[in-house]
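# What the coordinates show
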Amino acid sequence: MTIRWLLAALHLLALGVGLGAVWARGRAFQAPLDVPGLRRVFYADTWWGVAALVWIGTGLIRAFGGFEKGSFYYLHNHAFWAKMGLLAAILFLEVGPMIALIRWRGAVARGGVPDTRAASRFARISFVQGILVVLMVLAATAMARGYGVSQKG
Ligand code: HEM
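Residues numbered from 1 in each chain as written. Predicted model: local features only at pLDDT ≥ 70, side-chain atom pairs only at ≥ 80, totals over all residues. Heavy atoms only, no water.

## Things to note about the overall build of the protein
Selection rule: Numbering of helices and strands runs from the N terminus, with a helix taken as a DSSP run of H or I at least four residues long and a strand as a DSSP run of E at least two residues long. Classification of residues uses two cut-offs on accessible area relative to the type maximum, computed with a 1.4 Å probe and protein chains only: under 20% is buried, over 50% is exposed, and between them is partly exposed. Here a residue-residue contact requires only that any non-hydrogen atoms of the pair lie within 4.5 Å. Throughout, the Shrake-Rupley method with a 1.4 Å probe supplies accessible areas, and for residues the shown protein chains are the sole cover considered. Residues scored as charged are limited to Lys and Arg (positive) and Asp and Glu (negative), so that His and the chain ends carry no count. Charge positions are represented by NZ for Lys, CZ for Arg, CG for Asp and CD for Glu.
Counting its regular elements, the protein contains 5 helices and 0 strands. Order of helices (α) and strands (β) in the protein, N terminus to C terminus: α-α-α-α-α. C-alpha extents for the protein along the principal axes are approximately 55 × 30 × 20 Å. Expressed as a percentage of its 153 residues, the buried residues of the protein come to 37%. Considering only residue pairs separated by 6 or more positions, the protein has 79% of its internal contacts joining residues 24 or more positions apart. Summing over all exposed atoms, the protein offers an accessible surface of approximately 9000 Å²; the carbon and sulfur share of this is 71%. Between the centroid of the 16 positive side chains of the protein and the centroid of its 5 negative side chains there is a distance of 6 Å.

What follows is the structure, encoded as structure tokens:
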């Protein structure tokens, strides 16, 4: 029971960290991208990544490790699948910024100047991802309260 409680706490803490981090990353992408500006982007991006790992790690254990309502419940729940669809959209949107930021970090580490022309697009992507996280919270709270239970399930 203590593990169940700690998993739930970590899962919710990831929401606090991740939503703030992705919004901060969006704002940082819009600011001047000199070295201190780039470091603000990297800082927010690191916390966004940490939140994603904690969310997915604790979420998978909660859903399929038998700590909450059991795999059968979630796999037959429309709100769960809506939540997973939103997560897939967030991950799909992340491909571009992730690849670019790996390059940007490398360039700054070597003392170079990265090509930041895509920054305003990445800002928009980050804000859209923030909105998708809010929609995930709507799906998650519905799923936890018995909405979306499949009639056939
Ligand atoms: C961006 C990622 C995620 C967000 C924002 C998120 C959000 C939330 C929130 C707010 C709750 C609390 C619902 C409540 O008790 O009212 C929750 C619960 C839960 N989440 Fe997530 N989650 C995420 C990722 C995941 C993933 C990847 C999985 C599993 C594959 C998952 C599985 C669960 C489970 C099993 C619960 C417990 C539901 C229950 O009490 O029956 N989550 N999530």
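## Here's the deal with the coordination of the iron atom of the ligand
Applied cut-off: The donor set comprises N, O and S atoms within 2.8 Å of the metal, extended to 3.2 Å for Na, K and Ca; water molecules are omitted, so apparent gaps in a site may simply reflect that omission. By the criteria applied here, four donors are tetrahedral when all angles lie between 85 and 135 degrees, four are square planar and six octahedral when opposite donors are over 155 degrees apart and every other angle lies between 65 and 115, and any other arrangement is irregular.
Protein-derived ligands of the iron atom of the ligand are His11 (NE2) and Lys83 (NZ), with the metal-ligand distances lying across 1.8 to 2.0 Å. Seen from the iron atom of the ligand, its 6 donor atoms lie at angles of 86 to 180°, and the figure they make is octahedral. Within this pair, whereas His11 is found in helix H1 (residues 2–30), its partner Lys83 is found in helix H4 (residues 78–109), the two being separated by 72 residues in sequence.

## Quick look at the site of the ligand
Put simply, the rule reads: One heavy atom suffices: a residue is near a molecule or strand as soon as one of its heavy atoms comes within 4 Å of it. Two N or O atoms form a polar contact when they lie within 3.5 Å of each other; inside protein one atom must be a possible hydrogen donor and the other a possible acceptor, and for residues adjacent in sequence the pair counts only when both atoms belong to side chains. Following the grouping adopted for this structure description, the nonpolar residues are Ala, Val, Leu, Ile, Met, Phe, Trp, Tyr, Cys and Pro, the charged ones are Asp, Glu, Lys and Arg, and the polar ones are all others, Gly among them.
Around the ligand, 20 residues are found, and the nearest of them are His11, Lys69, Tyr74, Lys83 and Arg145. Here Lys69 contributes a side-chain N or O atom positioned 2.2 Å from an oxygen atom of the ligand. Tyr74 is positioned with one of its side-chain polar atoms (N or O) 2.6 Å from an oxygen atom of the ligand. Of all the secondary-structure elements, those providing two or more residues to the shell around the ligand are H1, helix H2 (35–64), H4 and helix H5 (119–144). Take the shell around the ligand: its biggest share by element is 6 residues, from H2. Residue composition of the shell around the ligand, by class: 12 nonpolar, 3 polar and 5 charged.

## As for the environment of Asp115
Within the secondary structure layout, Asp115 lies in the loop between H4 and H5. Residues Asp115 and Ala100, 15 residues apart in the sequence, show an inter-C-alpha distance of 9.0 Å. A polar contact of 2.7 Å, which involves the side chain of Asp115, links it to the side chain of Arg117.

## Focus on the packing of aromatic side chains
Heads up, the condition is: Any two of the Phe, Tyr and Trp rings considered here, Trp counted by its six-membered ring, make a pair once their centres fall within 6.5 Å; the pair's planes then place it as stacked at under 30 degrees, edge-to-face at over 60, or tilted in between.
Counted under the stated rule, the structure contains 9 aromatic pairs. Considering the side-chain rings of Phe64 and Phe80, the 6.2 Å spacing of their centres and the 90° angle between planes classify their relative orientation as edge-to-face. On the criterion of sequence distance, the pair formed by Phe64 in helix H2 and Phe80 in helix H4 is long-range, its members being 16 residues apart. Residue Phe80 is classed as buried on the basis of its relative accessible area, which comes to 6%. Ring geometry for Tyr73 and Tyr74: centres 5.1 Å apart, planes at 90°, overall edge-to-face. Per residue, the accessibility class of Tyr73 equals that of Tyr74, and both read buried.

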